[in-house]
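One letter stands for each residue in the lines below.
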Amino acid sequence: MDPSMFLQYSPPNGLPQESKLATYMNHSTSTPTRSLNQAMGKLSLESSPTSMKKVVIGEFVPINYYPANMLPESPESSPPANLPTVATNPQVHQENVGGTTYFYSTNDSINTSGALSSSASLGAEVCMGVAGVSAYATQMYATPPAIMGPSSSKQGLAASFYMPETIRSEIYQRNDDIYLQPDLRQYPDLPENVEMYSDLVPLESAAPHAMSTCFRANHRQSGNSFAMRRIHSYALVPSKRIDLWKQIDHPNIIRLHEYFTTNAFGDHSMILVYDYHPACATLMSKYLSGATSGTVSDSNSGYLDPFSSDPDAPRPYTHQKNAMLRAVACGALLPEAVVWSVIVQLTAALRVIHGAGLACRSLDPTKVVMNGCRVRISWCGIADITHPNNNDMAQAQQDDLTALGRLALSLACRTVHCDNLPASMDLISRTYSADLKNLILYLLSAPTRRSVADLMPMIGARFYTQVEALERRADAFEDQLAVEIDNGRLLRLLIKLGIVNERPELNMDTSWSETGDRYMLKLFRDYLFHSVTEDGRPWLDQAHLTHCLNQLDGGSNAKVELMSRDEQSVLVVSYAELKHCLEQAFDEVMAAANTP
C-alpha cells in the first residue's frame, strides 16, 4: 500500500492546534512579535520558575479518531513498516507567563513529519471525512450512540464489530434450549408424532400420577417450536371460553394457539399448544427457591424464609423478628424496582384478560415465567379445561387480584410462607416504600370489590419507570441490530468472493477463475487477506478489511492498487470496476448452477 495516497497530518512545529502558542505562531503577521519573542525567551524546557504554574496534560491529536490500540487485534500484527506512527502517550506542558498561558510539547517523538497510522489503515477518505466516497462509508460501523454508555467488553473499534457479551450469552442460552434433544432411553413412552407435532422434549420432570405434563414440540410443516400441555385421561367437555383464549395476544401472556384431543399417549388426552419462549424460568425457581428452609445467614442465597417452621428454630415470634432483621441487614431481599416491574407487567396482562371476560386462575409463582426482564403468564386457559362448569367470572377475577397480592407479598418477603400477614407487613415496611405496602394490602383485602383499573393510581409514576426501562432495552437491541445488518451485508459479499475465487473449473473451463475479470478478483482477495509487512509478517487489520469491503459493496470510484504474486505486474482499478466484475462472475456461476 503506497502511503503517498493518504493525506498526511503535520502539527504546526510539534504544537497542538488548540494551544494559544500555536495560534500566535499561525497569526504572526497580526501579533506583536516583540512581546512574543520576549515571552518565549523566558521559557525553559528544563525547569520552571516558582512563579510559573506548570501542569502536565494529555495532548489532543485532531483527526485521529481511532487510537493505535484499536487497530490490530492480534499482538503479533502491526501496520507495514513504511507507514509512520504517532507516539502513543504524547504530553504537553502548560505554563502561565505574565497572565498568558503557553502550551509546548516535550515529546521528541512528535515532529513535523509525523503521520497518522490510523489514516493509512482505515483509508484517508474515512478519516478526513471526504464526501462521496461510498454510499455506505458515512454509516458503516458507527460507534455506539452516547445514550448506550461506554462499552464494558472489547475495547475500541472492535466493540462496534461484535455483540455485547450479555446479549450474546442470553441468545446462546435460548439457542441451547431450542436445540436441546431428549435422551430417548429415559422417555421410552414418548410418541414420535402427536398430530402435526414431533420431536417431543419434556420441559419438567413428571411426578408419579401427575394430572398433566408439558413438552416442547416442533411443528412438522413450519419447523417452529411450541410448548405443549397434556392433560391426562381427559373425559370432560371443554368450555367455550377456551376459544376466547386463542384471541388474546399480549406481550405478557403466552399465547394459546390450538387445542385438540389425541390418543397418541395411550389414553384420551387433551393437548393445548402455546407459544414457546426458550430459557424461561419461573418466579419460584428464580427468586423463591434454591436453598434449604430457614437460610437467612447467607446474603447471596437465592432463598430467604423468615417464617421457617424448622423445629430447631427459636419460638415463632422471636425467630420471625430475628429473621426479618437479618434479612434487612444482609440485603438478601429483592430490590423494590424488581418487585414493581413484576407487578406492572402482571397488571397489564390481567387488564387484557379481565377485559375479555376471562379470568387467569393460575397466577402463582410456578405459572409466571421470566426471561430477561420480561414477565409472562403461562398455561392460561387450563382452569377452563379442567373446570368447565365454573361460570362465576366476577369472583374468579377477584381471586386473580388476591393471587396477585400474594405473589407480590412473596416476592417482597422472598418466601412463599407468608401466612403471618402482620409480620410480613412489618418486614415490607422496614425495607420498601409505603406505596408498595399499601398496594399489597389493597390486593389482599378480599371483602372489597376491586378492579385492575384501580391499581393504576397506586402504581403511579413507577409505570413510566417501567416504560423507560423497556425503551432503553429496545434502544440497545436496535443498536445491535444495526450492527448485525452490516455484518450480514458484508458476509454476503464475502460469500460471493469465496464462490468465484480459486474455482477449479466452470463449464469445463479449468482456467476460468484465473482469466479475465476473475483474475482481478483474485488479486483483490490477496490485497485484502494476504497483505504482509516489510519483514514478511501477516498484516491483520480489521478496519482495513471493513473499509475495503464497504468500498466494494458501494461501488466507489476510489482506486486500489493490485499487485500480482510474482510482483511483475500492477493493476490500478476502481472499486466500481471490481464490483462489476464480481457481479458478472457470480451471475455466471449462478447461471451454470441453474442449468439442467
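Residues numbered from 1 in each chain as written. Predicted model: local features only at pLDDT ≥ 70, side-chain atom pairs only at ≥ 80, totals over all residues. Heavy atoms only, no water.

1. With respect to the pattern of salt bridges
Then comes step 1: This structure, assessed with the given rule, holds 20 salt bridges.
Then comes step 2: One salt bridge in this structure joins Arg489 and Asp553, with 2.4 Å as the shortest N-O distance. Highlighted residues: Arg489 in helix 15 (residues 462-500) and Asp553 in helix 17 (residues 542-554), separated in sequence by 64 residues.
Then comes step 3: Look at Arg489 and you get buried, because its relative accessible area is 11%.
Then comes step 4: Note on Asp553: relative accessible area 14%, which makes it buried.
Then comes step 5: Salt bridges here are not isolated pairs; linked through shared partners, they connect Glu502, Glu514, Lys522, Arg525, Asp526 and Arg565. (Salt bridge = Lys/Arg side-chain N within 4 Å of Asp/Glu carboxyl O. Helix = DSSP H or I, 4+ residues; strand = E, 2+ residues; numbered from the N terminus. Buried < 20%, exposed > 50% of the residue type's maximum accessible area, 1.4 Å probe, protein only.)

2. A short note on the packing of aromatic side chains
Then comes step 1: Counted according to the given criterion, the structure contains seven aromatic pairs.
Then comes step 2: Ring geometry for Tyr274 versus Trp379: centroids 5.2 Å apart, planes at 85°, classification edge-to-face. Taken together, the residues Tyr274 in strand 9 (residues 269-275) and Trp379 in the loop between strand 12 (374-377) and helix 10 (382-386) connect sequence positions 105 residues apart. The pair formed by Tyr274 and Trp379 is uniform in burial state, with each residue classed as buried.
Then comes step 3: The interplanar angle of 80° and the centroid separation of 6.1 Å between the aromatic rings of Phe463 and Tyr464 together place this pair among those described as edge-to-face.
Then comes step 4: Taken together, Tyr197, Phe226 and Phe260 form an aromatic cluster joined through their ring pairs.
Then comes step 5: A cation sits over an aromatic face here: Arg229 above Trp379, 4.8 Å from the ring centre.
Then comes step 6: Positioned above the aromatic ring of Phe586, the side-chain terminus of Lys496 is 5.4 Å from the ring centre. (Phe/Tyr/Trp six-rings, centres within 6.5 Å; stacked < 30°, edge-to-face > 60°. Lys NZ or Arg CZ within 6 Å of the ring centre and 35° of its normal.)

3. Examining the pairing of strand 6 (residues 212-219)
Then comes step 1: Burial runs high along strand 6: seven of the eight residues are buried.
Then comes step 2: Bridge analysis of strand 6 against strand 7 (residues 225-231) gives seven bridges, and the strand direction is antiparallel. By the bridge assignment for strand 7, Thr213 is matched with Arg230.
Then comes step 3: From the end of strand 6 to the start of strand 7, which pair antiparallel, there are five residues, and Gly223 there has a positive phi angle of about 80°. (Pairing = 2+ DSSP bridges.)

4. A closer look at the state of the cysteines
Then comes step 1: All chains considered together, the criterion is met by zero disulfides.
Then comes step 2: The thiol of Cys380 is not disulfide-bonded; the next cysteine sulfur, from Cys360, is found 4.7 Å away. (Disulfide = S-S within 2.5 Å.)

5. Here we look at the nonpolar core
Then comes step 1: Core analysis: the largest hydrophobic core is formed by 62 residues, its most contacted members being Leu272, Leu346 and Leu363.
Then comes step 2: Each residue touching Leu272, except ones within four places of it in the same chain, is listed here: Ala227, Met228, Arg229, Ile231, Ile242, Leu256, Glu258, Tyr259, Ile382 and Ile385.
Then comes step 3: Ranked by size, the runner-up nonpolar core spans 26 residues in total, among them Trp512, Leu521, Leu552 and Ala558. (Core = buried A, V, L, I, M, F, W, Y, C linked by side-chain atoms within 4.5 Å. Contact = heavy atoms within 4.5 Å.)

6. Thoughts on unusual backbone geometry
Both trends apply: most residues other than glycine have a negative phi, and most peptide bonds are in trans.
Then comes step 1: Of note in the backbone geometry, Glu195 takes a positive phi value of approximately 55° without being a glycine.
Then comes step 2: The topology assignment puts Glu195 in the loop between strand 4 (193-194) and strand 5 (197-202).
Then comes step 3: The phi angle at Ser233 is positive, at roughly 45°, despite the residue not being glycine.
Then comes step 4: Among the structural elements, Ser233 can be located in the loop between strand 7 and helix 6 (241-245).

7. Side note on a negative patch on the surface
Then comes step 1: A contiguous patch of negative charge on the surface is contributed by Glu468, Glu471, Asp475 and Glu478.
Then comes step 2: Locating Asp475 in the fold gives a position in helix 15.
Then comes step 3: Given the relative accessible area of 32%, Asp475 is considered partly exposed. (Patch = residues over 30% accessible without salt bridge, like charges linked within 9 Å, V, L, I, M, F, W, Y side chains within 5 Å. Areas by Shrake-Rupley, 256 points an atom, 1.4 Å probe, with all protein chains shown as cover. Lys, Arg positive; Asp, Glu negative; His and termini not counted. Charge placed at Lys NZ, Arg CZ, Asp CG, Glu CD.)

8. Some points on the packing of helix 17 against helix 18 (residues 575-594)
Then comes step 1: Axis separation between helix 17 and helix 18 bottoms out at 7 Å; the angle between their running directions is 70°. As far as their axial angle goes, helix 18 and helix 17 are roughly perpendicular. Along the contact surface, helix 17 presents Cys548, Gln551, Leu552, Asp553 and Gly554, while helix 18 presents Tyr575, Leu578, Lys579 and Leu582.
Then comes step 2: Here the contact of helix 17 with helix 18 is composed, by residue class, of five nonpolar, two polar and two charged. (Axes fitted to C-alpha atoms, helices over the stretch in contact; angles between N-to-C directions. Parallel < 35°, antiparallel > 145°, perpendicular 65-115°, else oblique. Nonpolar A, V, L, I, M, F, W, Y, C, P; charged D, E, K, R; others polar.)

9. A short note on the sheet that holds strand 11 (residues 368-371)
Two modes of strand pairing occur in sheets, parallel and antiparallel, and in both the strands are linked by backbone hydrogen bonds.
Then comes step 1: Judged by pairing direction, the sheet is antiparallel, and its three strands sit side by side in the order 10-11-12 without closing on themselves. Edge positions in the sheet fall to strand 10 (281-282) and strand 12, since each has one partner strand and no second.

10. A word on a nonpolar patch on the surface
Then comes step 1: Taken together, the side chains of Met456, Phe463 and Tyr464 make up a nonpolar region of the molecular surface, amounting to roughly 310 Å² of accessible area.
Then comes step 2: One can find Tyr464 in helix 15.
Then comes step 3: By relative accessible area, Tyr464 is classed as exposed at 55%.

11. A look at helix 13 (residues 434-444)
Then comes step 1: When helix 13 is considered as a whole, its buried residues turn out to be Leu436, Leu439, Ile440, Tyr442 and Leu443. Buried residues of helix 13, viewed axially, fall in a sector of 160°; they line one side.
Then comes step 2: Its buried side turned inward, helix 13 meets helix 9 (336-355), helix 11 (393-413), helix 12 (421-431) and helix 14 (455-459). (Arc of directions from axis to C-beta.)

12. A short note on the sheet that holds strand 4
Then comes step 1: Strand order across the open sheet formed by six strands is 4-5-6-7-9-8, with antiparallel pairing between neighbours. On the outer flanks of this sheet lie strand 4 and strand 8 (256-262), each paired with one strand and no other.

13. Focus: the side chain of Ser198
Then comes step 1: Tracing the sequence through the fold places Ser198 in strand 5.
Then comes step 2: Once you skip the residues sitting within four places of it in the chain, Ser198 turns out to touch Glu192, Asn193, Ala217, Asn218 and Arg220.

14. With respect to helix 18
Then comes step 1: Helix length check: helix 18, at 20 residues, gives a terminal C-alpha distance of 28 Å against a target of 28 Å (1.5 Å per residue), a fit within 8%.
Then comes step 2: All of the buried residues in helix 18 are Tyr575, Leu578, Cys581, Leu582, Ala585, Phe586 and Val589. For helix 18, the arc enclosing every buried residue in end-on projection is 120°, short of the 170-degree limit, so these residues lie on one face. Looking at helix 18, the residues exposed on the side facing more than 90 degrees away from the buried face are His580 and Asn594.
Then comes step 3: Elements in contact with the buried residues of helix 18: helix 15, helix 16 (517-529), helix 17, strand 13 (559-563) and strand 14 (570-574). (Expected span 1.5 Å × (residues − 1).)

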